[in-house]
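# A closer look at the structure
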Amino acid sequence: MSFPTFYILFALFECCIGILFLFKGAERIVFPLLLLHMISTALPLFLLTSATWQSAFVPTLEGQYIIKNLVIIATALGIVAHLHPLPRRAH
């Protein structure tokens, strides 16, 4: 897959995640998708260190953009943590 195609598909995936968070009840479906997206977005912090870190604990602009995703994950985790438990099914 070419990079431009991947970039467009990745952006569409990100937009779908954001739109799904607007629908009540979709949180349980969206959170795993968000985690998958954030893990794949955070990989450059570990795999492309020269592009994401100027020196120890000093991220580049790209590194800062990736690190801000931790705030998004924390916010989503807060939303999911406050969901009511699913009802148990009787066996």
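Basis of the calculations
- Residues numbered from 1 in each chain as written.
- Predicted model: local features only at pLDDT ≥ 70, side-chain atom pairs only at ≥ 80, totals over all residues.
- Heavy atoms only, no water.
- Helix = DSSP H or I, 4+ residues; strand = E, 2+ residues; numbered from the N terminus.
- Buried < 20%, exposed > 50% of the residue type's maximum accessible area, 1.4 Å probe, protein only.
- Contact = heavy atoms within 4.5 Å.
- Disulfide = S-S within 2.5 Å.

## Topic: the environment of Leu20
- Counting through the fold element by element, Leu20 comes out in helix α1 (residues 3–20).
- Judged by its relative accessible area of 30%, Leu20 falls in the partly exposed class.
- On a C-alpha basis, the gap between Leu20 and Pro44 in space is 26 Å, while along the polypeptide they are 24 residues apart.
- When neighbours within four sequence positions are excluded, Leu20 is seen to be in contact with Ala26, Val30 and Leu33.

## A few points about the state of the cysteines
- On inspection of all chains with the given rule, the structure shows zero disulfides.
- With no disulfide of its own, Cys15 lies 7.0 Å from the sulfur of Cys16, the closest cysteine sulfur.
- Taking the relative accessible area as the measure of exposure, Cys16 reaches 44% and is therefore partly exposed.

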